[in-house]
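Coordinates in review
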Amino acid sequence: MAPTSLTTICLLVYLSFGAFWRSVRAKDVPYNWEVMYMSGAPDCIEKDHIIGINGRFPGPPINARVGDNVVVYLTNKLHDEGVVIHWHGIRQLETPWADGTASISQCPIKPGETFKYNFTVDKAGTYFYHGHLGMQRSAGLYGMLIVDVEEGKKEPFHYDGEFSLLLSDWWHKGIEEQEKDLDATPMRWIGEAQSLLINGRGQYSCTLTVPANSKNSKGVPGCKFTGKEQCAPNILDVEPGKTYRLRVASTTALASLNVAIESHNMMMVEADGNYLQPFIVKDFDIYSGESYSVIINTHELSTHNYWISVGVRGRDPTKTARGFALLHYKSTGVSKRPKHPPPATPLWNDYARSKSFTYKLFALPGSPKPPPNYDHRIFLLNTQNYFEGKTRWAINNVSLKLTDTPYLGSIKFGLTNAFDQISPPETFIDTYDITKPPPNPNCRVSSGVYNLNFGKTYDVILQNANIIQDGVSEIHPWHLHGHDFWVLGYGDGMFSEKDEGKLNLENPPLRNTVVIFPHGWTAIRFMTDNPGVWAFHCHIEPHLHMGMGVIFAEGVHLVQNIPKEALSCGLTGEMLMSQNHN
Ligand SMILES: [Cu+2]
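All of the points below concern the structure found in this document. (Residues numbered from 1 in each chain as written. Predicted model: local features only at pLDDT ≥ 70, side-chain atom pairs only at ≥ 80, totals over all residues. Heavy atoms only, no water.)

Looking at the overall build of the chain
A tally of regular secondary structure across the chain gives six helices and 32 strands. Against the 2.2 N^0.38 benchmark of 25 Å for 582 residues, the chain shows a C-alpha radius of gyration of 24 Å, consistent with a compact globule. Principal-axis analysis of the C-alpha atoms gives the chain an extent of 80 × 65 × 55 Å. Here the chain holds 582 residues, and 57% of them are scored as buried. Sequence-distant contacts in the chain: of pairs separated by 6 or more residues, those separated by 24 or more amount to 77%. Of the roughly 24,100 Å² of accessible surface on the chain, 54% is carried by carbon and sulfur atoms. The positive charge centre, built from 51 side chains, and the negative charge centre, built from 58, are 5 Å apart in the chain. (Helix = DSSP H or I, 4+ residues; strand = E, 2+ residues; numbered from the N terminus. Rg over C-alpha atoms; globule rule 2.2 N^0.38 Å. Buried < 20%, exposed > 50% of the residue type's maximum accessible area, 1.4 Å probe, protein only. Contact = heavy atoms within 4.5 Å. Areas by Shrake-Rupley, 256 points an atom, 1.4 Å probe, with all protein chains shown as cover. Lys, Arg positive; Asp, Glu negative; His and termini not counted. Charge placed at Lys NZ, Arg CZ, Asp CG, Glu CD.)

In structure tokens:
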């Protein structure tokens, strides 16, 4: 036998054995989910048109291990609207069609239809899932997604038990009305949330901060709970002298949050599924789209219970009821009220405090380092604008409008009529004054995409600016699909050459969501190593609704095996129909 044939046979044996081995190790984690409308009172106020899964709000958690295939058969039981679910933080390597972004990775699942999501979870961490069509996330379509390390492997920190806290903000007005208001001329702002929810529970009409038979200074009565009410707070049962991991994720529509636990320090150990250089805090900020794990040590001896409190930062918090959970020591009675009032949330507009926390986030030594140089750099200026009298958010003066055909299909099959073929600009004029409202408030609306070169290193400099109102700039948490990125740095004002030396190439944290502070910039670096079409957008639901995002396409020609069901709408739908007839 010629040596080449022998090599070929060995390779084939090796490949098939490799495939066999993978299929033995990888476990399918199947879920059958029905997305449906529900009514309920998550913050003690009855509301209908909550979007839940299998009769639950928030949706059921997914628990998997690294290497598992998560398989979700998602049936749309909504009456007259489509649905998709995005698996936030999962990179979807080789399965870009399972990213769950309507108009980008797939068509909305039609009422009555079932779509099979099937993807591998490749990295341990704290993730969540949520709706990614219109403002369905805001209506309650979300849940936790926890990925544990492989069997026999260990996390780089120890804990005896764990809890998940999924944070959200809650409006009494339904999303249909909110969307209508945002699209009105002039725009009617949705206002601040009525309450904050922890694992879908909050209190609006009563308060936990005073005993049941009294009222607080604003006249709000103390809550009377037996514990069975939907809006009764979460209780975390802990034992004295133990170590716990709290997995905290924020899926808020708008609010930036701060989390504190009375009389317990927290050690930050994980952000967005990546390990941090641990550091100790008394409280921490979390923006929409972010997740953290913190480690707490319970007291050796405790005769009472403690509040976990969540409050709003970066926006006026006075209209939004804070969220509370109870850290219950099993050594005490569960009904025993905490001795002290809940920890106060730091002043909402103390941005220096927010920055000092954010600037302390570094990667755990041994984490992947960024390439030392970039191949391409894109500057994205965030502005608030008008288009035909409607308020929009724009990036380099272009406001995103999605199309009916998923980009993944239209780019893969060269359907150039499906979206605007002119790509948005990769930079903006360097004389732009970010401290002032836009000189020309009108922007362009486009469905164009950024075509990124495959296999390269990209920098994105997110530049924040003043909104239409004088002297105001807002916080925006930007989330990238399909990738983690290194956060190289932040700064105030306009990014310039002098900031180049400030970029951290040594131990920048890897994340999938990063904040830009008012009138400031944030620099990130990532590799275009994941063929697909990926959204990069502000995670504030109404901002995205008003166009605050961009579309990155990379290596789409390499994408294989897109299920037909993902493309059964718009021009790809027509293409599939005509193929069926041939
Ligand atoms: Cu935003």
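Some words on the pairing of strand 20 (residues 376–387)
Relative to strand 25 (residues 457–463), strand 20 runs parallel, the two being bridged by six bridges. Bridge pairing in strand 25 links Ile378 to Val460. Bridge analysis of strand 20 against strand 21 (residues 390–395) gives six bridges, and the strand direction is antiparallel. Looking at strand 21, one finds that Asn382 is bridged to Ile395. Here strand 20 hands over to strand 21 after two residues, with Glu388 in that stretch at a positive phi of 50°. (Pairing = 2+ DSSP bridges.)

With respect to the coordination of the copper ion
Protein ligation of the copper ion involves His476 (ND1), Cys538 (SG) and His543 (ND1), the donor distances falling in the range 2.0 to 2.1 Å. Binding-site remark: the copper ion is held by donors from one chain whose sequence spacing is H-x61-C-x4-H. Placement of the pair is His476 in strand 26 (residues 476–480) and Cys538 in strand 31 (residues 532–538), with a sequence separation of 62 residues. On the accessibility criterion, Cys538 (0% relative accessible area) is buried. (Donors = N, O, S within 2.8 Å, 3.2 Å for Na, K, Ca; no water.)

Things to note about empty space enclosed by the protein
Evaluated as defined, the whole model comprises three cavities of 30 Å³ or more. A volume near 60 Å³ is recorded for the largest cavity. Those elements giving two or more residues to the lining of the largest cavity turn out to be strand 22 (398–400) and strand 32 (549–554). Of the residues that constitute the lining of the largest cavity, the class distribution is seven nonpolar, four polar and no charged. Within this model, the second largest cavity holds a volume of roughly 40 Å³. Lining the second largest cavity we find Asp169, Glu192, Ala193, Leu196, Leu254, Ala255, Val312, Arg315 and Thr320. Grouping the amino acids of the lining of the second largest cavity by side-chain chemistry returns five nonpolar, one polar and three charged. (1 Å grid on protein atoms, 1.4 Å probe; cavity = no way out; pocket = protein on both sides within 12 Å on 5 of 7 lines; lining within 4 Å. Points joined across faces, edges and corners; volume = space filled by probe spheres on them. Nonpolar A, V, L, I, M, F, W, Y, C, P; charged D, E, K, R; others polar.)

Notes on the side chain of Arg313
Here Arg313 shows up in strand 18 (residues 306–313). Note on Arg313: relative accessible area 2%, which makes it buried. For Arg313, the side chain forms a polar contact with the side chain of Ser354, separated by 3.0 Å. Leaving out residues up to four positions away in the same chain, Arg313 has contacts with Ser256, Leu257, Asn258, Asp285, Thr345, Pro346, Leu347, Trp348, Asp350, Arg353 and Ser354. (Polar contact = N/O pair within 3.5 Å; in protein donor to acceptor, adjacent residues only side chain to side chain.)

As for the environment of Lys116
Relative to the helices and strands, Lys116 is located in strand 6 (residues 114–120). Separated by 447 residues in sequence, Lys116 and Pro563 place their C-alpha atoms 9.1 Å apart. Residues within four places of Lys116 in sequence aside, it is in contact with Val71, Val72, Tyr73 and Trp97.

Remarks on the layout of surface pockets
Approximately 680 Å³ is the volume found for the largest pocket. For the largest pocket, the lining is made up of 33 residues, of which Leu400, Lys401, Leu402, Leu544 and His545 are closest to its centre. Those elements that place two or more of their residues in the lining of the largest pocket are strand 7 (125–131), helix 2 (175–183), strand 21, strand 31, helix 5 (541–545) and strand 32. In the lining of the largest pocket, the residues fall into 14 nonpolar, eleven polar and eight charged.

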